[in-house]
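Residue-level listing of the chains:
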Amino acid sequence: QVQLVESGGGLVQPGGSLRLSCAASGSVFSIYDMGWYRQAPGVQRELVATITSGGSTNYADSVKGRFTISRDNAKKKVYLQMNSLKPEDTAVYYCNAVVVASWFGRPNDYWGQGTQVTVPS
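Note that this is a predicted model, so its numbers are computed, not measured. (Residues numbered from 1 in each chain as written. Predicted model: local features only at pLDDT ≥ 70, side-chain atom pairs only at ≥ 80, totals over all residues. Heavy atoms only, no water.)

So, the state of the cysteines
Argument step 1. For the structure shown, the criterion picks out one disulfide.
Argument step 2. At a sulfur-sulfur separation of 2.1 Å, the disulfide partner of Cys-22 is Cys-95. Its torsion about the S-S bond being -80°, the disulfide of Cys-22 and Cys-95 is classed as left-handed. Of this pair, Cys-22 sits in strand β3 (residues 18-26) while Cys-95 sits in strand β9 (residues 91-100); the two residues are 73 residues apart in sequence, bridging distant segments of the chain. The same class applies to Cys-22 and to Cys-95, which are both buried. (Disulfide = S-S within 2.5 Å. Helix = DSSP H or I, 4+ residues; strand = E, 2+ residues; numbered from the N terminus. Buried < 20%, exposed > 50% of the residue type's maximum accessible area, 1.4 Å probe, protein only.)

Below, the structure is given as structure tokens:
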């Protein structure tokens, strides 16, 4: 069993910053890609940023230059530094990881429970 637990969400004024963290625990043999997604009310979940185990990153156009994804492989953690936040960034942010649970296992997709980020207009 693999768990992803996010932290760091909250209420922040426009132009402010937040740092989200996500820790993987449980039966984790190796982690491939990790990422952050978000979902606003009435909107489909969308990709925010992803990072490979080697550190290559990918960002949604809407957050390029404002958000930075990073990871600590030893700690099994992924982070999202969010700067210059805008009201349109308001959403529930979900951590995602592709995890192999054992040496003979296959990669599977796991999701955290989500953390709310609110930027009032």
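What follows picks up the thread again.
Describing the sheet that holds strand β7 (residues 67-72)
Argument step 1. Taken together, the four strands give an open sheet; going across it, the order is β1-β3-β8-β7, and neighbouring strands pair in antiparallel fashion. Because the sheet does not close on itself, it has two edges, and the strands there are β1 (2-7) and β7. In this sheet, adjacent strand axes meet at a mean angle of 15° when their direction is disregarded.
Argument step 2. For β3 and strand β8 (residues 77-82), the ladder comprises six bridges, and the chain directions are antiparallel. Its bridge partner lying in β8, Arg-19 is registered against Gln-81. (Pairing = 2+ DSSP bridges. Axes fitted to C-alpha atoms, helices over the stretch in contact; angles between N-to-C directions.)

Some points on the pattern of salt bridges
Argument step 1. For the structure shown, the criterion picks out four salt bridges.
Argument step 2. Close ionic contact of Lys-64 with Asp-61 constitutes a salt bridge, the shortest N to O distance being 3.1 Å. (Salt bridge = Lys/Arg side-chain N within 4 Å of Asp/Glu carboxyl O.)

Some remarks on the environment of Val-78
Argument step 1. Positionally, Val-78 belongs in strand β8.
Argument step 2. Spatially, the C-alpha atoms of Val-78 and Arg-106 are 21 Å apart, while their sequence positions differ by 28 residues.
Argument step 3. In this structure Val-78 touches Leu-20, Ser-21, Cys-22, Met-34, Trp-36, Ile-51, Ile-69, Ser-70, Arg-71 and Cys-95, once residues within four positions along its chain are discounted. (Contact = heavy atoms within 4.5 Å.)

Section: the packing of aromatic side chains
Argument step 1. Within this structure, the stated rule accounts for two aromatic pairs.
Argument step 2. Seen in terms of ring centroids, Tyr-37 and Trp-111 are 5.0 Å apart; in terms of plane orientation they differ by 65°. Their pairing is edge-to-face. Within this pair, whereas Tyr-37 is found in strand β4 (residues 30-39), its partner Trp-111 is found in strand β10 (residues 107-111), the two being separated by 74 residues in sequence.
Argument step 3. Note that Arg-45 overlies the ring of Tyr-94, its terminal NZ or CZ placed 3.7 Å from the centroid.
Argument step 4. Positioned over the ring face of Trp-111 is Arg-45, at 4.7 Å from the centre of the ring. (Phe/Tyr/Trp six-rings, centres within 6.5 Å; stacked < 30°, edge-to-face > 60°. Lys NZ or Arg CZ within 6 Å of the ring centre and 35° of its normal.)

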